Amino acid sequence: MTTLLLLPGDGIGPEVTAQAARIAKALTPDITLDERDFGGISFDRHGAPITDEAVAAAIAADAVLMGAVGGPKWAGVARQSRPEAGLLRLRKEMQVFANLRPALCFDALADASSLKRELVAGLDIMIVRELTGGVYFGEPRGIETLPDGQRRGFDTQVYTTSEIERVSRVAFELARGRRNKVHSAEKSNVMESGLLWREVVTDLHKREYADVQLEHILADNAAMQLVRAPTQFDVLLTDNLFGDILSDAAAQLTGSLGMLPSAALGEAGRPGLYEPIHGSAPDIAGQGVANPLAAILSFEMALRWSLNRPAEADRLYRAVETALANGARTRDLGGQLSTVEMGDAVLAAL
Ligand code: NAD
Ligand code: IPM
Ligand code: MN
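Residues numbered from 1 in each chain as written. Chains lettered and ligands numbered in written order. Predicted model: local features only at pLDDT ≥ 70, side-chain atom pairs only at ≥ 80, totals over all residues. Heavy atoms only, no water.

## Here we look at the nonpolar core
Selection criterion: Among the buried residues, those of types Ala, Val, Leu, Ile, Met, Phe, Trp, Tyr and Cys that are joined through side-chain atoms within 4.5 Å form a nonpolar core. Only protein chains enter the accessibility calculation, which uses a 1.4 Å probe; a residue is then buried when its area is under 20% of its type maximum, exposed when over 50%, and partly exposed in between. In this text, helices come from DSSP runs of H or I with a minimum length of four residues, and strands from runs of E with a minimum of two, each type numbered from the N-terminal end. Delimitation of the domains relies on an automatic or database domain assignment. Any two residues whose heavy atoms approach within 4.5 Å at even a single point are treated as in contact.
Judged by nonpolar contacts, the single largest core of 61 residues is most densely connected at Phe299, Leu316, Val320, Leu324 and Val346. Of the residues forming this core, the biggest block, eight residues, is contributed by helix α10 (residues 293–305). Two domains each donate at least three residues to this core, and these are domain 1 (1–97 + 266–350) and domain 2 (101–259). Those residues in contact with Leu316 that lie beyond four places of it in its chain are Ile23, Leu27, Ile296, Phe299, Glu300, Leu303, Val346 and Leu350. Core analysis: the second largest hydrophobic core is formed by 22 residues, Leu115, Ala185, Ala222 and Leu236 among them.

Structure below.
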């Protein structure tokens, strides 16, 4: 039995996940769908943003598809009980250290990008974001009060050789199946962890991946290059924090943040965690207008990377392409369709 665990979450999370679930039922009826509370709703019902039982269910599933978590309702909750803390715990416990965030511009959407069509046509970037280390998890962290009464907030950016090496390996392997080019982005000019990052990537490249073209790029320049000439990138390898920021920027190149899926992967044989890169979008939650394509394409990635259903993944990908080519557009893409109607359009194309 193959199980896909759904963690719809908060805000637009349940709205977009419902569309992915409809498609899963139609396309792969043999896959069992299970579901747990996650994020703010889990905090409200169970007192924690994710329960031990839900973590265990995620680890036991073949793949996990989440919507989004968080929102203003939980802004005042203690850090460790916030929805976002639940997401970090889930990523850590699932050991999904490599986050694949493909920024792909569908032909039909080249005019929906905030950049000119000629800059984004054919865009196909694979961002590989380190996901279980760096400043998101580094200790010590906290807010303390100094003797003079000021407060001091601090975080720790930290990476070990093996953490850098395993995610870099994923980037190099992916590049070999694509256009064979990796840009590694860090701030080795100011950060020690950035310097180590550059050294480890360079060593691994020399030892095992000399056939892949490697370029080191400072993360600020990478941000600029992404909006200047984005098609120069093939695989963009970077750390947890820079990857978070660069992937939001890359998303908008494709037309909307509501388009970008992601796959978080660990060692072979472990379940992957699939999630749109967007958040719970409190500004439009409850209106039924969110774009479900990032969620639907996250399911497509689950079919490909965890569930071993490449043919169904191809079919779903083509259905999304067809729906867009036929003019299906939610509001963020300049159209009028509701979330459910976009789901209808993809199902019709399937
Ligand atoms: P956001 O991604 O939720 O929204 C940013 C903007 O993009 C908003 O204007 C929103 O309406 C729009 N948008 C996002 N997804 C869309 C979609 N599918 N269709 C149409 N428009 C869409 O980011 P934010 O507002 O900074 O964060 C809101 C909350 O979500 C915060 O609590 C944040 O921590 C959380 N968050 C969660 C995740 C996650 O669960 N993976 C990711 C990012 C942010
Ligand atoms: C993302 C989100 C998360 C992150 C938050 C909600 C913890 O922004 O997945 O991009 O920063 O990783
Ligand atoms: Mn983010």
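From this point, the narrative continues.
## Thoughts on the domain arrangement of the protein
Inclusion rule: Once two parts are joined, some of their accessible surface, as seen by a 1.4 Å probe, is lost; buried area is that loss totalled over both.
What the domain assignment lists for the protein is domain 1 (1–97 + 266–350) and domain 2 (101–259). Computed over C-alpha atoms only, the centres of domain 1 and domain 2 are separated by 23 Å. Each partner contributes residues to the interface: domain 1 has 23 residues there, and domain 2 has 26 residues. Taken together, both faces of the contact between domain 1 and domain 2 bury some 2,200 Å²; the carbon and sulfur share is 71%. Area buried by domain 1 at its contact with domain 2 is led by Arg91, Phe97 and Ile277, which between them contribute 33% of it.

## Focus on the environment of Gly13
One can find Gly13 in helix α1 (residues 13–27). Separated by 262 residues in the primary sequence, Gly13 and Glu275 place their C-alpha atoms 9.7 Å from one another. Residues within four places of Gly13 in sequence aside, it is in contact with Pro8, Gly67 and Ala68.

## Digging into the pairing of strand β3 (residues 63–68)
Walk down a regular strand and you will see the side chains alternate between the two sheet faces. Under the convention used in this document: Two strands are counted as paired when DSSP detects at least two bridges linking them.
With six of its six residues buried, β3 lies for the most part within the structure. Pairing geometry for strand β1 (residues 3–9) and β3, over five bridges, is parallel. Counterpart to Leu5 in the pairing with β3 is Val64. Where β3 meets strand β12 (residues 272–274), three bridges bridge the pair, whose relative direction is parallel. Across the sheet, residue Ala63 finds its bridge partner in β12, namely Gly272.

## Thoughts on the sheet that holds β12
The condition that has to hold: What counts as an axis is a line fitted to C-alpha atoms, over the stretch in contact for a helix, and the angles between N-to-C directions run from 0 to 180 degrees.
Strands sit in the order β2-β1-β3-β12-β11-β4-β5-β10-β8-β9 across an open sheet of ten strands; the sheet is mixed. The open sheet has two edge strands with one neighbour each: β2 (32–35) and β9 (213–218). Across the sheet, the axes of successive neighbouring strands diverge by a mean angle of 25 degrees, strand direction being ignored. As paired elements, strand β8 (residues 181–186) and β9 share six bridges and run parallel to each other. Opposite Val182, over in β9, you have Leu214 as the bridge partner. Sitting on the sheet, helix α4 (residues 83–94) touches β1, β3, β4 (98–104), β5 (124–130) and β12, and the angle it makes with β12 is about 150 degrees. Sitting on the sheet, helix α7 (residues 192–208) is in contact with β5, β8, β9 and β10 (235–238), with an inclination near 175 degrees to β9.

## Some details on the packing of α1 against α10
Under the convention used in this document: Just so you know how the angles are binned, under 35 degrees is roughly parallel, over 145 roughly antiparallel, 65 to 115 roughly perpendicular, and the rest oblique. Helix crossings get a hand from a simple test, with the near helix turned counterclockwise from the far one by less than a right angle marking a left-handed crossing and a clockwise turn marking a right-handed one. Amino acids are sorted into nonpolar (Ala, Val, Leu, Ile, Met, Phe, Trp, Tyr, Cys and Pro), charged (Asp, Glu, Lys and Arg) and polar (every other residue, Gly among them).
The interhelical angle for the contact between α1 and α10, taken along N-to-C directions, is 45 degrees, at an axis separation of 8 Å. For the element pair α1 / α10, the angle class is oblique. The chirality of how α1 crosses α10 is right-handed. Facing α1, whose interface residues are Val16, Thr17, Gln19, Ala20, Ile23, Ala24 and Leu27, α10 presents Ala295, Ile296, Phe299 and Leu303. When grouped by side-chain class, the residues that make up the contact of α1 with α10 number nine nonpolar, two polar and no charged.

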